[in-house]
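Examination of the molecular architecture
Below, each chain spelled out in residue letters.
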Amino acid sequence: MPAETPSEIRIEREEGPTKGRYVVHLDGAEAEMTYTRAGDGLIIIDHTGVPAAMRGMSVGQGMVRRAVEDARAENRRIVPLCPFAKAQIARHPEWQDVLSS
């Protein structure tokens, strides 16, 4: 079982009319996962970037998990164009209910 994102790491969400991102700030470094909204019910995850200082802390996985949780809560579907997000969702069958078919 992969490590959980440490509880002291706060994942923030910023969303505009067409684009959004999940971001983590830690010790002066920033990790982000960006997405584009395609209508009210669909987001397209297009990029995940985690700096070397945050590697091994499950920050990227935590951002994908948060996007899945938000998609469920908001009745949205996800298209993971980003290879990292796509791989994370593929590794977690319990997250695949939010995939857009």
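Above: the structure in question.
A brief report on the enclosed structure follows.

Calculation notes
Every chain is numbered on its own, with residues counted from 1 as its sequence reads. Only residues with pLDDT of 70 or above have their local features reported here, since the model is predicted, and side-chain atom pairs are shown and tallied only from 80 upward, although totals for entire chains, interfaces and linings are computed over all residues. By convention in this description, side-chain values take in all heavy atoms of the structure and omit both hydrogens and water. Numbered from the N terminus, helices here are DSSP runs of H or I no shorter than four residues, and strands are runs of E no shorter than two. Our radius of gyration is a C-alpha quantity, and the globule rule it is checked against amounts to 2.2 Å times the number of residues to the power 0.38. A simple rule labels every residue: compare its accessible area, found with a 1.4 Å probe on the protein chains alone, to the largest value its type can have, and call it buried under 20%, exposed over 50%, or partly exposed in between. It only takes one pair of heavy atoms within 4.5 Å for two residues to be counted as in contact. Salt bridges are defined as contacts in which a side-chain nitrogen from Lys or Arg sits within 4 Å of a carboxyl oxygen from Asp or Glu.

**Topic: the overall build of the protein**
- Each helix and strand counted, the protein has two helices and five strands in total.
- Each helix (α) and strand (β) of the protein, taken in turn from the N terminus, gives the series β-β-β-β-α-β-α.
- In terms of overall size, the protein behaves like a compact globule, its C-alpha atoms giving a radius of gyration of 13 Å where 101 residues would be expected to give roughly 13 Å.
- Along the three orthogonal principal directions, the C-alpha set of the protein runs to about 35 × 30 × 20 Å.
- Classification of the 101 residues of the protein by burial places 40% in the buried group.
- Partitioning the intrachain contacts of the protein with sequence separation of at least 6 by distance along the chain shows that 44% fall at a separation of at least 24.

**As for the environment of G16**
- As for its position among the elements, G16 is in the loop between β1 (12-15) and β2 (19-26).
- When the C-alpha positions of G16 and R37 are compared, they lie 8.9 Å apart, and in sequence the two are 21 residues distant.

**Digging into the pattern of salt bridges**
- Going through the model one piece at a time under the given rule, you end up with 13 salt bridges.
- R10 is the partner of E12 in a salt bridge, and the nearest nitrogen-oxygen pair spans 2.7 Å.
- Judged by relative accessible area, which is 27%, E12 ranks as partly exposed.
- Salt-bridge contacts for R76 lead to E15; the nearest nitrogen and oxygen are separated by 2.9 Å. A residue pair is termed long-range when its members are at least 10 positions apart, and R76 in the loop between α1 (59-73) and β5 (77-80) and E15 in strand β1 qualify at 61 residues.
- Classification of R76 as buried rests on a relative accessible area of 9%.

None of this, on its own, says anything about what the molecule does.
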